[in-house]
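# Structure at a glance
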Amino acid sequence: MHLLSKSTYMRGRQCPKALWLYKHRRDLLPPVDAARQAVYDTGTAVGLLAKQLFPGGVDCTPETPYDFAPSIAATQQAIASGATVIYEAAFLHDGVLAALDILVKDAQGWKAYEVKSSTNPKEYQWQDAALQAHVIEGSGIALADISIVHLNNAYVRQGPIDVRQLFSITSVKQLVDRERQDVPARIVALKAALQAP
């Protein structure tokens, strides 16, 4: 269904050979160790908390990480039916899949939010946000803004978690707009790398 996703694009951006091996020789991948699994689990927990910033959304999370077709269809249905908050919105454009943590429509238009468990936006985060913006806008959704939702390391919990204090939201739209200029050429190059023997 898709040749590239956000994660494989970023893998290939770092090293096209690593992308090729990931796609064609999965048998060579090392097993996920306990430390890496803990990072994944933390990211999942942070993502669930961040959804509370925008309550009442339509959840388009795929049932499995390998079948995004229902998620893409559910996202289009949610948009068509007037949903203003969508969790795990999925889009496909030009053979590239992008799933976004939170998509919100307000008076200014559609806004994309990617949730990270870091305490400030990192370069690779807005680089992958550029791919997401490319795919989402290529699917017909104009983005008024794109932001990284990250942890506020100045927050001190007293009682129940206050998600409004736990998270900070940083717009990366200007950085994304600059990075997007190179995204189409990178996609072409990575698709070519995948076709190599």
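Heads up: the structure comes first, above all this text.
Residues numbered from 1 in each chain as written. Predicted model: local features only at pLDDT ≥ 70, side-chain atom pairs only at ≥ 80, totals over all residues. Heavy atoms only, no water.

## Here's the deal with the packing of helix 2 (residues 16-24) against helix 8 (residues 183-195)
Helix 8 packs onto helix 2 with a crossing angle of 55° between their chain directions and a minimal axis gap of 9 Å. It follows that helix 2 is oblique to helix 8 by the angle criterion. By crossing handedness, the relation of helix 2 to helix 8 is classed as right-handed. Seen from helix 2, the contacting residues are Pro16, Leu19, Trp20, Lys23 and His24; seen from helix 8, they are Leu190, Ala193 and Leu194. Among the residues making up the contact of helix 2 with helix 8, the classes are represented as 6 nonpolar, 1 polar and 1 charged. (Axes fitted to C-alpha atoms, helices over the stretch in contact; angles between N-to-C directions. Helix = DSSP H or I, 4+ residues; strand = E, 2+ residues; numbered from the N terminus. Parallel < 35°, antiparallel > 145°, perpendicular 65-115°, else oblique. Left-handed = near helix turned anticlockwise from the far one by under 90°. Contact = heavy atoms within 4.5 Å. Nonpolar A, V, L, I, M, F, W, Y, C, P; charged D, E, K, R; others polar.)

## Re the packing of helix 5 (residues 123-138) against helix 7 (residues 173-180)
With their axes 8 Å apart at the nearest point, helix 5 and helix 7 run at an angle of 75° to one another. Accordingly, the angle class assigned to the pair helix 5 and helix 7 is roughly perpendicular. Between helix 5 and helix 7, the residues in contact are Trp126, Gln127, Ala129, Ala130, Ala133, His134 and Glu137 and Leu175, Val176, Glu179 and Arg180, respectively. By residue class, the composition of the contact of helix 5 with helix 7 is 6 nonpolar, 2 polar and 3 charged.

## Examining the nonpolar core
Within the largest apolar cluster, 34 residues are counted, with the highest numbers of intra-cluster contacts made by Ile86, Phe91, Leu103, Leu143 and Val176. For this core, the elements supplying multiple residues, two or more each, are helix 1 (6-14), helix 4 (69-80), strand 3 (85-93), strand 4 (96-106), strand 5 (109-115), helix 5, strand 6 (143-151) and helix 8. For Ile86, the contacting residues outside a window of four places in its chain are Val58, Cys60, Thr75, Ala78, Ile79, Asp101, Ile102, Leu103 and Trp110. In this structure, Val46, Val85, Tyr87 and Val104 belong to the second largest nonpolar core, which totals 16 residues. (Core = buried A, V, L, I, M, F, W, Y, C linked by side-chain atoms within 4.5 Å. Buried < 20%, exposed > 50% of the residue type's maximum accessible area, 1.4 Å probe, protein only.)

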